[in-house]
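Structure assessment
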Amino acid sequence: MATTEFGRTVRRRRDRVPPEAAGLPAGGHRRAAGLRREELALLAGISVDYVTRLEQGRAANPSEQVVEALGRALRLNAEEREHLFRVAGLVAPGRGTVPAYITPSVQRMLDRLTGTPVAVHDAAWTLLLANPLYTALMGERHGRERNGAWRNFLGSGGRVRHTPESRRALETAVVSDLRATASRYPADQRLRRLIADLRGTSERFAELWDSGAVGHQEASRKTVDHPEVGPLTLDCDVLSVAGSDLRIMVYTAEPGTEDAERLALLAVIGTQALTGRPSTGVGVGVGTRTGTGTGTGTGTDS
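Residues numbered from 1 in each chain as written. Predicted model: local features only at pLDDT ≥ 70, side-chain atom pairs only at ≥ 80, totals over all residues. Heavy atoms only, no water.

**Some remarks on the overall build of the protein**
- For the protein, the helix and strand inventory stands at 12 helices and five strands.
- Taking all 302 residues of the protein together, 50% fall into the buried category.
- A separation threshold of at least 6 residues defines the contact pool for the protein, and within that pool the share at least 24 residues apart is 63%.
- Of the accessible surface of the protein, which amounts to about 14000 Å², a share of 52% is contributed by carbon and sulfur atoms. (Helix = DSSP H or I, 4+ residues; strand = E, 2+ residues; numbered from the N terminus. Buried < 20%, exposed > 50% of the residue type's maximum accessible area, 1.4 Å probe, protein only. Contact = heavy atoms within 4.5 Å. Areas by Shrake-Rupley, 256 points an atom, 1.4 Å probe, with all protein chains shown as cover.)

Right under this line is the structure:
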């Protein structure tokens, strides 16, 4: 019964969200004013088939991650989000857990930054939302690779260049930031599992964690080695939203530079290089490839 009501709720909400309110073009013949299933799937980062099965009640037990992604894609307010979790048979993450809710006003702001790579992370540096240009710049992220701490200590790393010094600064800042987050959200079981897994698997993480290493995230210039357009040196700023503990990561290029030209080119070819949709998560773009070379940059490479 809960699954059936969940599907009905998603369908009703989908019908009420005009594409322009979700940052999508409204042109073309449309049978309804709301989002198409494929548009909702694109925004939520799940397959169209899964959206269909959820709406028809043929898919049971959607995960917390899927419900959260659908709530963001549907631009739900706090009360509507809580209702969506309830009809899914889940309890919305509450106090004591790392916040993952993105308000509609923040969504609208991100929708308007189409020419700027932008991503939203939670306080544990898990990617919640990325616009197409960000994903084209950094590549798609799946599974545990969506968490910046996991990726930098145990995963693929990413496309950002590093010197040994900048790599050490990055690792120290990530561990210090994660420790601070754990102290603010001691009841978050997912965060505790992440830290336990990192300590048990990464000797470097365990060394920094046990030593009480202290560092901090800061604005920086980063060189990103892109497989299609070449290296881009960009300013990276991390913004916070009052009361949410979310981090908005923004990459910009200095006007009139070759980097700005390459970023503009990436805005064109990035969306044309689509080869498929990720099974979870959000954002679209080209495949991931790790760059090589030298350069500097502190802060989480996400």
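Okay, back to it.
**Thoughts on the pattern of salt bridges**
- Counted according to the given criterion, the structure contains 21 salt bridges.
- Put simply, Asp-197 and Arg-144 hold a salt bridge, and the shortest N to O gap is 2.9 Å. Taken together, the residues span a long stretch of sequence, with Asp-197 in helix H10 (residues 189–201) and Arg-144 in the loop between helix H7 (132–138) and helix H8 (148–154) at a distance of 53 residues.
- Judged by relative accessible area, which is 30%, Asp-197 ranks as partly exposed. (Salt bridge = Lys/Arg side-chain N within 4 Å of Asp/Glu carboxyl O.)

**Quick word on the nonpolar core**
- Of all hydrophobic cores here, the largest spans 27 residues; its most connected members are Phe-6, Leu-40, Ile-46, Leu-54, Leu-70 and Leu-84.
- Listing elements by their share of this core, those giving two or more residues are helix H1 (2–16), helix H2 (37–44), helix H3 (48–55), helix H4 (64–73) and helix H5 (78–87).
- Judged by nonpolar contacts, the second largest core, of 20 residues, contains Trp-125, Leu-133, Val-160 and Val-229. (Core = buried A, V, L, I, M, F, W, Y, C linked by side-chain atoms within 4.5 Å.)

**A closer look at H5**
- Considered for burial, the residues of H5 that qualify are Arg-81, Leu-84, Phe-85 and Val-87.
- One or two positions beyond H5, positive phi appears at Gly-89, with a value near 80°.

**Some remarks on the environment of Arg-37**
- With respect to the secondary-structure elements, Arg-37 resides in helix H2.
- Placed 13 residues apart in sequence, Arg-37 and Tyr-50 show a C-alpha to C-alpha distance of 9.8 Å.

**Side note on the confidence of the model for the protein**
- Taken as a whole, the protein shows an average pLDDT of 83; of its residues, 84% reach a score of 70 or greater.
- Every residue in residues 273–299 is under pLDDT 50, and counting partners more than four places away or in other chains gives 94 contacts. (pLDDT = per-residue confidence, 0-100.)

**Considerations on unusual backbone geometry**
- With a phi angle near 55°, Asn-61 is a residue other than glycine that sits in the positive phi range.
- The backbone phi angle of Arg-75 is positive, close to 60°, even though this residue is not glycine.

**Things to note about the sheet that holds strand S5 (residues 247–252)**
- Taken together, the five strands give an open sheet; going across it, the order is S2-S1-S5-S4-S3, and neighbouring strands pair in antiparallel fashion. In the strand order of this sheet, the two ends are held by strand S2 (127–130) and strand S3 (220–226), each with one partner. Between one strand axis and the next, the sheet turns through 30° on average, direction left out of account.
- One ladder, built from three bridges, connects strand S1 (residues 118–121) with S2; its direction is antiparallel. Bridging across to S2, Val-120 finds its partner in Leu-129.
- Of the strands in this sheet, S1, S2 and S5 touch helix H6 (residues 104–111), which is tilted by about 10° from S5. (Pairing = 2+ DSSP bridges. Axes fitted to C-alpha atoms, helices over the stretch in contact; angles between N-to-C directions.)

**Side note on the packing of aromatic side chains**
- Within the structure shown, the criterion is met by three aromatic pairs.
- For the ring pair Phe-153 and Phe-205, a centre distance of 5.3 Å and an interplane angle of 90° mean the geometry is edge-to-face. Within this pair, whereas Phe-153 is found in helix H8, its partner Phe-205 is found in helix H11 (residues 203–211), the two being separated by 52 residues in sequence. With respect to class, Phe-153 is no different from Phe-205; both count as buried. (Phe/Tyr/Trp six-rings, centres within 6.5 Å; stacked < 30°, edge-to-face > 60°.)

**Here's the deal with the pairing of S3**
- In terms of burial, S3 is a largely internal element, six of the seven residues being buried.
- Sheet topology note: the S3/strand S4 (residues 230–240) ladder contains seven bridges and is antiparallel. By the bridge assignment for S4, Arg-221 is matched with Asp-235.
- Linking S3 back to S4 in an antiparallel pair, the connection comprises three residues.

**Regarding the side chain of Asn-147**
- Examined against the element boundaries, Asn-147 turns out to sit in the loop between H7 and H8.
- A distance of 2.9 Å separates the side chain of Asn-147 from the backbone nitrogen of Trp-150, its partner in a polar contact. (Polar contact = N/O pair within 3.5 Å; in protein donor to acceptor, adjacent residues only side chain to side chain.)

**A short note on the packing of helix H9 (residues 164–184) against H11**
- Close contact between H9 and H11 brings their axes to 10 Å; oriented N to C, the two are set at 60°. In terms of axis orientation, H9 runs oblique to H11. Considering the relative orientation of H9 and H11, their crossing is right-handed. Along the contact surface, H9 presents Arg-168, Glu-171, Thr-172, Val-175, Leu-178 and Arg-179, while H11 presents Arg-204, Phe-205, Leu-208 and Trp-209.
- Tallied by class, the residues present in the contact of H9 with H11 amount to five nonpolar, one polar and four charged. (Parallel < 35°, antiparallel > 145°, perpendicular 65-115°, else oblique. Left-handed = near helix turned anticlockwise from the far one by under 90°. Nonpolar A, V, L, I, M, F, W, Y, C, P; charged D, E, K, R; others polar.)

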